[in-house]
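Coordinate analysis (summary)
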Amino acid sequence: MGRPFAVSAHRLLAVLLLALLAAPAAAAGDYQVLGVEEVTLPGHLVRTDWTVQAGDAPVNRFRMHRLLRGGPQAPRGALLLVPPLSNPFGFYEVDEHGAYGSSFAAFFAHHGFEVWGYTYRGYDLRSGDCESGAVDCAPMATWGIAATTADVLWIRERMGEVLPGIAPVLGGYSMGAISTIGIVDAAPSGWAGAMILDGGLYSDDPAIRALNAGYCAGAEAALAAGQVYDGVSLPTVRLIARLAAAAPDELTPLPGFPPGFTNHQVLVFLLAVPQPGPLWPTPEFRRCDGSVEEDEFFYCSDDRVIAHSLAFFDYTDNRSLADVACSIAGDRTHTDDLDAFTAPVLLLGGGLGFGPLDDDLEHLFTSAPVTRVYLPAYGHSDLWFAPHHRAVLESEILRWLDGN
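Before going into details, it helps to say that this report is about the structure given with it. (Residues numbered from 1 in each chain as written. Predicted model: local features only at pLDDT ≥ 70, side-chain atom pairs only at ≥ 80, totals over all residues. Heavy atoms only, no water.)

Checked against the element boundaries, G379 lands in strand β13 (residues 370-379). Setting aside residues no more than four positions away along its own chain, G379 makes contact with R286, R287, G350, L352 and G353. (Helix = DSSP H or I, 4+ residues; strand = E, 2+ residues; numbered from the N terminus. Contact = heavy atoms within 4.5 Å.)

Put into structure tokens, the structure is as follows:
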């Protein structure tokens, strides 16, 4: 995946850090680097984090990350990962046992890839910041796929300065996969590949389109009324995960559930039961297949579900939800140029997740070699939260990378 280079990775890292620290105002366009931190991690890994300001609004701040294995070896290739909705790059660094070296990001770093990543705008907001006026959150109305695309393309430019001649593979899970579609649609050239890991932005199915048309109308109406963020849903998800971890068999203190529901059953209900709303884009959509009555997930590991659920931000921007729903309903803003993308594409999805959209999405990549891996019994998150995720996720991706 690209041409190796002769200068050591640490040498290039030092050069880049010096350049950014010495002249942060020299960042391209409206972007300015505010700070750089380096962290040494288990397994001879080094991660560098850049805090970046996009324009003048304080809320328009995101992070860029670079994870690599120590030593003088040339990289095997470069990945640029976009996380799920309202998650940091740290989503890809989570291991349910706290073993960093067993995380998704570390797996690929240990296999010789430079792993770069993005953390969405809003990562530093805390509950109450928007509601109290402590932070002006009005610019969140302009976020969504367009803002993510601009930020990620800026990161790709920085990668090009550090890794000349190495085109990155772009990819991500869930909203990271959705963003990948929008990004390669806006900028089809300059990539070594695209990994679309259970995410979709297009459907020909009339029932799915009609379902999302309703979500689209509701989301656009909320935005028009000034409701640019949701500050309730994600803290609630974290609370449900904490209760399930601390006292799974105790009756839930949360209102609205039937008598006798335990904390763990609430977690299963949240992930395994299809519900109406823009986060459930198909009629049978569920995150982890399971049974509330049996109080279990069929494929997801409780520990992995809980560990990843705790990574959510405090806020979601409603522009992102509108972009997804309106695109699936038929808006082609973020899918109208996919035929210009020529690098290899991996479509990896579950039958109870975004997998039903993959057939239609594949037909839009008319110029790209597409590899499709379809797991009909899996929900949206079953690949990620399965105890055997190495076999069905990381190893599957590695085989595809090696084959391209």
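Now that the structure has been shown, we can carry on.
Moving on, we come to the environment of S203. When you line up the elements, S203 lands in the loop between β7 (193-197) and α6 (206-224). Sequence spacing of S203 and H44 is 159 residues, and the spatial spacing of their C-alpha atoms is 44 Å. Within polar-contact distance, the side chain of S203 engages the backbone nitrogen of D205 at 3.0 Å. (Polar contact = N/O pair within 3.5 Å; in protein donor to acceptor, adjacent residues only side chain to side chain.)

Our next topic: the sheet that holds strand β1 (residues 31-41). With mixed pairing, the 9 strands of this open sheet are ordered in space as β1-β2-β3-β5-β4-β6-β7-β12-β13. The strands lining the two open edges of the sheet, one partner per strand, are β1 and β13. Strand-to-strand twist of the sheet, defined as the mean angle between neighbouring strand axes without regard to direction, takes the value 15°. Each of β7, β12 (345-352) and β13 touches helix α11 (residues 355-362); the most contacted strand, β12, lies at about 145° to it. Packed on one face of the sheet, helix α13 (residues 389-403) meets β4 (77-82), β5 (113-119), β6 (169-173), β7, β12 and β13 and runs near 155° to β12. (Pairing = 2+ DSSP bridges. Axes fitted to C-alpha atoms, helices over the stretch in contact; angles between N-to-C directions.)

Under the criterion given, the structure shown has 18 salt bridges. For R209, the salt bridge is made with D204, and the minimal N-O distance between the two is 3.9 Å. Taking the relative accessible area as the measure of exposure, R209 reaches 27% and is therefore partly exposed. With a closest N to O distance of 3.2 Å, R399 and E396 form a salt bridge. Placement of the pair is R399 and E396 together in helix α13, with a separation of 3 residues, close to one helical turn. Through salt bridges with shared partners, one network takes in R47, D49 and E93. (Salt bridge = Lys/Arg side-chain N within 4 Å of Asp/Glu carboxyl O. Buried < 20%, exposed > 50% of the residue type's maximum accessible area, 1.4 Å probe, protein only.)

Summed over all chains, the structure comprises 3 disulfides. Note on cysteine connectivity: C130 is disulfide-linked to C137, with sulfurs 2.0 Å apart. The S-S bond linking C130 to C137 shows a torsion near -80°; that makes this disulfide left-handed. The same class applies to C130 as to C137, namely buried. Sulfur-sulfur distance for the disulfide between C216 and C326 comes to 2.0 Å. A torsion of 90° about the S-S bond marks the disulfide between C216 and C326 as right-handed. Of the two residues, C216 is situated in helix α6 and C326 in helix α10 (residues 318-329); the sequence distance between them amounts to 110 residues. Judged by its relative accessible area of 16%, C216 falls in the buried class. (Disulfide = S-S within 2.5 Å.)

Counted under the stated rule, the structure contains 24 aromatic pairs. On the numbers, 4.7 Å between centres and 40° between planes, the contact of Y299 with Y378 is tilted. On the criterion of sequence distance, the pair formed by Y299 in the loop between β10 (296-297) and α9 (302-309) and Y378 in strand β13 is long-range, its members being 79 residues apart. Y378 sits in the buried class, given a relative accessible area of 8%. Here the aromatic rings of F341 and F365 are separated by 6.0 Å at their centres, their planes lie at 70°, and the arrangement is edge-to-face. In this pair, F341 is assigned in the loop between α10 and β12 and F365 in the loop between α11 and β13, connecting sequence segments 24 residues apart. The pair F341 / F365 is uniform in exposure class, with both members buried. Directly above the aromatic system of W191 lies the positively charged group of R156, at a separation of 4.3 Å from the ring centroid. Lying across the ring of W154, R158 places its NZ or CZ 4.7 Å from the centre. (Phe/Tyr/Trp six-rings, centres within 6.5 Å; stacked < 30°, edge-to-face > 60°. Lys NZ or Arg CZ within 6 Å of the ring centre and 35° of its normal.)

Now for α13. Its 15 residues place the ends of α13 20 Å apart at the C-alpha level, agreeing with the 21 Å of an ideal helix rising 1.5 Å per residue. In the structure, α13 departs most strongly from a straight axis at S395, where the bend amounts to approximately 30°. Among the residues of α13, H389, V392, L393, E394, I397, L398, W400 and L401 are the ones counted as buried. (Expected span 1.5 Å × (residues − 1). Bend = angle between axes of the 7 residues up to and from the residue.)

On to the layout of surface pockets, then. What the largest pocket holds in volume is close to 750 Å³. Looking at the largest pocket, it is lined by 35 residues, and the ones nearest its centre are L85, L234, L279, R287 and F312. When contributions to the lining of the largest pocket are tallied by element, the ones reaching two or more residues are α5 (175-186), α7 (233-246), α8 (263-272), α9 and α10. Of all the elements, α7 adds the most residues to the lining of the largest pocket, at 5 residues. Here the residues of the lining of the largest pocket sort into 22 nonpolar, 11 polar and 2 charged. (1 Å grid on protein atoms, 1.4 Å probe; cavity = no way out; pocket = protein on both sides within 12 Å on 5 of 7 lines; lining within 4 Å. Points joined across faces, edges and corners; volume = space filled by probe spheres on them. Nonpolar A, V, L, I, M, F, W, Y, C, P; charged D, E, K, R; others polar.)

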